Amino acid sequence: MEKLEQRARGGDEVLPAPSAPDSSAVALRDVRKVYGRRAAAVTALDGVTLDIDRGTFVAVMGPSGSGKSTLLQCAAGLDRPSAGEVFLDGVDLRRLSENELTMLRRERIGFVFQSFNLVPALSAELNVALPLRLAGRRPRRREVRDVLAAVGLAGRGRHRPAELSGGQQQRVAIARALVTRPAVLFADEPTGALDTRTGRDVLTLLRELVDVDGQTIVMVTHDPVAASYADRVAFLVDGRAAGELLDPDPATVAARLAGLEPDRHEADRHEPDGHEPVGLEPGGEKLR
Ligand SMILES: Nc1ncnc2c1ncn2[C@@H]1O[C@H](COP(=O)(O)OP(=O)(O)OP(=O)(O)O)[C@@H](O)[C@H]1O
Ligand SMILES: [Mg+2]
């Protein structure tokens, strides 16, 4: 990794000012991502610039299809942008070969999905040990148990996913993502499949990882309450950055989000110039 970093920074050569400040765990510079070609082309990210400081918890929000998952995948090196730069822990991902990128993903990135993605046939302990095995290390039972204990699952290591609740399965997935001590933990709607209470427990755990261990977390969510656990919310609309909120509270996040929904834009666009929007009650319901 040191070599890569040195190479990314150009060693002793005189370089222009670095475009990724050292305090950034993740830095995106004018990132574009286009899926498909010609008539079928979809622009998922349309020039996103974003900095995520080390040891902070950032939520990414926006309407469905606004590019949140694409942003996470490009930032985590799971996918390559069509244009623009991604720096992860100071490393310019464009400079990495496929093998180097795979290594970086295995060792420096943790990823948690809405659907847990655990291996059903393996115990919680073996699921957590998997990334270490993939990285060519022989996992010690002690380190695996420590990570499980850290997510509140001491004593459940021998259970298979089907023997655990949804919230417990997501904790195993978080333990699995943390076992390599990643620079950044990415989570795409980690509470999307959980009931409210279990979801809050998982969010409290994520918050503690930031406050106690200084973990950097980037989480996509649709839920304003989930977003309020973060230090900052970055909004996306149509693949573009659409402002942010610091120290978010659920009501402010919900209000901002409502203003970004496409239906609302449509409604606003059709209002005749110079008139207050009509046909909307204070509660937001349309009159017919
Ligand atoms: N593999 C793909 N091939 C083609 N188009 C894609 C692909 N993945 C995503 N897209 C498109 O890119 C856009 C952004 O998708 P993305 O999954 O990033 O949105 P999202 O904000 O995560 O949405 P949601 O909230 O519904 O999960 C959408 O228009 C989507 O249809
Ligand atoms: Mg998504």
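Because the structure is predicted, anything quoted here is derived from the model rather than measured. (Residues numbered from 1 in each chain as written. Chains lettered and ligands numbered in written order. Predicted model: local features only at pLDDT ≥ 70, side-chain atom pairs only at ≥ 80, totals over all residues.)

Colleague: Just to check I follow, could you spell out the overall build of the protein chain for this structure?
Modeller: Assigned secondary structure in the protein chain consists of 10 helices and 10 strands. Evaluated residue by residue, the protein chain yields a buried proportion of 38% over its 288 residues. (Helix = DSSP H or I, 4+ residues; strand = E, 2+ residues; numbered from the N terminus. Buried ≥ 20, exposed ≤ 12 C-beta atoms within 10 Å, placed from the backbone.)

Colleague: I keep staring at unusual backbone geometry and nothing clicks. Help me out?
Modeller: Most peptide bonds take the trans form, and the phi angle of most residues other than glycine is negative. Not every positive phi belongs to a glycine, and R181 is a case in point at roughly 55°. Note that R181 resides in the loop between α6 (166-178) and β7 (184-188). With phi around 40°, D247 is a residue other than glycine that occupies positive phi space. Topologically, D247 is positioned in the loop between β10 (240-246) and α9 (250-260). By C-beta crowding, D247 is classed as exposed, having 10 other C-beta atoms within 10 Å.

Colleague: What exactly am I supposed to notice about the packing of helix α4 (residues 124-134) against α6 here?
Modeller: Between two packed helices, what matters for the description is the angle formed by their axes and the separation of those axes. At their nearest, the axes of α4 and α6 sit 7 Å apart, and the two run at 30° to each other. Considering their axes alone, α4 and α6 lie roughly parallel with respect to each other. Remark: the crossing between α4 and α6 carries right-handed chirality. Contacts from A124, N127, V128, L130 and P131 in α4 reach V172, A175 and R176 in α6. (Axes fitted to C-alpha atoms, helices over the stretch in contact; angles between N-to-C directions. Parallel < 35°, antiparallel > 145°, perpendicular 65-115°, else oblique. Left-handed = near helix turned anticlockwise from the far one by under 90°. Contact = placed C-beta atoms within 7 Å.)

Colleague: I would appreciate a short explanation of the sheet that holds strand β4 (residues 83-88) in the present structure.
Modeller: Consider a sheet: its strands pair through backbone hydrogen bonds, and that pairing is either parallel or antiparallel. An order of β2-β1-β4-β5 is seen for the 4 strands of this open sheet, with the pairing classed as antiparallel. A single partner strand is all that each edge strand has here, and the edge strands are β2 (42-53) and β5 (91-92). Bridging between β4 and β5 involves 2 bridges; their strand directions are antiparallel. When the sheet's bridge partners are listed, F87 is paired in β5 with D92. (Pairing = 2+ DSSP bridges.)

Colleague: Could you clarify how one ought to interpret the pairing of β7 in this entry?
Modeller: Two faces, one strand: in a regular strand the side chains alternate between the faces of the sheet. Within β7, 5 of the 5 residues are buried, which leaves the element mostly enclosed by the surrounding structure. A two-sided burial pattern is seen for β7, the buried positions comprising V184, F186 and D188 on one face and L185 and A187 on the other. Bridge count between strand β6 (residues 109-112) and β7: 4 bridges; the pairing is parallel. Counted as the bridge partner of F111 is F186 from β7. For the handedness criterion, the β-α-β arrangement of β7, helix α7 (residues 196-213) and strand β8 (residues 216-220) is classed as right-handed. (Right-handed = clockwise from strand over helix to strand, strands pointing away.)

Colleague: In this structure, what is going on with the site of ligand 1? I would like to understand it.
Modeller: Around ligand 1, a shell composed of Y35, G36, V42, A44, G62, S64, G65, S66, G67, K68, S69 and T70 is seen. Of all the elements in the fold, those that place two or more residues in the shell around ligand 1 are β2 and α2 (68-75). The residue makeup of the shell around ligand 1, split by class, is 3 nonpolar, 8 polar and 1 charged. (Near = placed C-beta within 6 Å. Nonpolar A, V, L, I, M, F, W, Y, C, P; charged D, E, K, R; others polar.)

Colleague: What is the right way to look at the sheet that holds strand β9 (residues 232-237) in this model?
Modeller: An order of β6-β7-β8-β3-β9-β10 is seen for the 6 strands of this open sheet, with the pairing classed as mixed. Each edge of the open sheet carries a strand with a single partner, namely β6 and β10. Between one strand and the next, the sheet's axes are offset by a mean angle of 20°, whatever the strand orientation. Direction of pairing for β7 relative to β8: parallel, over a ladder of 5 bridges. Along β8, the bridge assignment pairs A187 with M219. Each of β3 (57-61), β7, β8 and β9 touches α2; the most contacted strand, β8, lies at about 150° to it. Its contacts with the sheet place α6 against β6 and β7, and it is angled at close to 165° to β6.

Colleague: Would you mind showing me how to read the nonpolar core here?
Modeller: Considering soluble globular proteins, one finds that nonpolar side chains tend to be buried as a cluster. Counting residues in each nonpolar core, the largest one holds 71 residues, and the members touching the most others are V60, A75, A175, F186 and V218. Among the elements that take part in this core, α6 stands out by supplying 6 residues, more than any other. Setting aside residues up to four positions removed in sequence, A75 forms contacts with V26, L28, V86, F186 and V218. (Core = buried A, V, L, I, M, F, W, Y, C linked by C-beta atoms within 7 Å.)

Colleague: Sorry, what's going on with the confidence of the model for the protein chain here?
Modeller: Looking at the protein chain, pLDDT values average 87 and 83% of them are 70 or higher. Below a pLDDT of 50 lies the segment residues 1-13, which in the model reaches 13 contacts outside its immediate sequence neighbourhood of four places, other chains included. Low pLDDT, under 50, characterises residues 271-288; the predicted model gives this stretch 7 contacts beyond four residues in sequence or across chains. (pLDDT = per-residue confidence, 0-100.)

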